[in-house]
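Listed below, chain by chain, are the residues.
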Amino acid sequence: MSIDEIFRLFLERGASLYFGERVTQTEHALQCAALAERERAGADLIAAALLHDIGHLLHALPEDIAERGIDSRHEAWGAAWLAGYFGPAVVDPIRMHVAAKRYLCATEPAYMASLSAASRLSLDLQGGPFSPTELAAFEQEPHFRSALALRRWDDAAKVPGLALPGLEHYRSILDSVWMAQG
Ligand SMILES: [Fe+2]
């Protein structure tokens, strides 16, 4: 796998709409990464923001998957696929970005109220707000704060028609955190 192959995934499969929202998968990824960059996140977390939904592109499931009552488990797919190429500071926030939603729903009533209709629908499929035990376990994860930050950018990265830097803007950032051999 290479950064070119990652970009090709976006080019070939990223033009579909982002699950019930008015932006494409690629627009969503670019907006999420731009928010991370604007908040001066490190390269690891900017890379995580760009790649957090790559699992959706890998298995190319239909856009209305949640409406059909299926949890795609895209965070686990994406994290597993990226784990050979990026370290935990990139992969863990991706793996945990759905759990982060469940965490924030349990800890901030206003957060849950602010979710889009599509995000609320998938929340039910993902297990709903965390229990106190689940909350405590989440806070033991070394990158849980990064996962929460990523989640907030993820939720905000749904603005139709925003003009932003393209994928190439992130090549050097991905390069700097890339750890694959050969
Ligand atoms: Fe997302």
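None of these values were measured; they are calculated from a predicted model.

A. Region of the structure containing the nonpolar core. Counting residues in hydrophobic clusters, the biggest one holds 36 residues, and the most contacted among them are Phe10, Leu50, Leu51, Phe86, Tyr170 and Leu174. Contributions of two or more residues to this core are made by helix H1 (3–13), helix H2 (25–38), helix H3 (43–51), helix H4 (54–59), helix H5 (74–82), helix H6 (88–95), helix H11 (144–156) and helix H12 (171–177). Beyond its immediate sequence surroundings of up to four residues, leucine 50 is in contact with Phe10, Ala29, Leu30, Ala33, Leu167, Tyr170 and Leu174. Ranked by size, the runner-up nonpolar core spans 15 residues in total, among them Ala100, Leu135, Phe138 and Ala147.

B. Region of interest: the packing of aromatic side chains. Summed over all chains, the structure comprises six aromatic pairs. An aromatic cluster of three or more residues is present, and its members are Tyr103, Phe130, Phe138 and Phe144.

C. Quick peek at the pattern of salt bridges. Here the structure, examined in full by the defined rule, presents nine salt bridges. A salt bridge links arginine 151 to aspartate 154; the nearest nitrogen and oxygen atoms lie 3.5 Å apart. Of this pair, arginine 151 and aspartate 154 both sit in helix H11, three residues apart, which is roughly one turn of that helix. Across the pair, exposure class does not vary: arginine 151 and aspartate 154 are buried alike. Given a relative accessible area of 4%, arginine 151 falls into the buried group. A single salt-bridge network, built from bridges that share partners, covers Asp4, Glu168 and Arg171.

Cut-offs applied
Each chain carries its own residue numbering, running from 1 in the direction its sequence is written. Two thresholds apply to this predicted model, a pLDDT of at least 70 for residue-level local features and 80 or more for giving and counting side-chain atom pairs, whereas whole-chain, interface and lining totals are computed over all residues. Each side-chain value is worked out from all heavy atoms of the structure, with water and hydrogens disregarded. Residues belong to a common nonpolar core when they are buried Ala, Val, Leu, Ile, Met, Phe, Trp, Tyr or Cys residues joined through side-chain atoms within 4.5 Å. Buried means the residue's accessible area, taken with a 1.4 Å probe over protein chains only, is under 20% of the maximum for its type, while exposed means over 50%, and partly exposed covers the values in between. We count a stretch as a helix when DSSP gives it H or I for four or more residues in a row; a strand needs E for two or more, and each element gets its number in order from the N terminus. Contacts: residue pairs with any heavy atoms within 4.5 Å of one another. Pairing of aromatic rings covers Phe, Tyr and the six-membered ring of Trp, with a centre-to-centre limit of 6.5 Å; geometry is then stacked below 30 degrees between planes, edge-to-face above 60, and tilted otherwise. Salt bridges are defined by distance alone: a side-chain nitrogen of Lys or Arg within 4 Å of a carboxyl oxygen of Asp or Glu.

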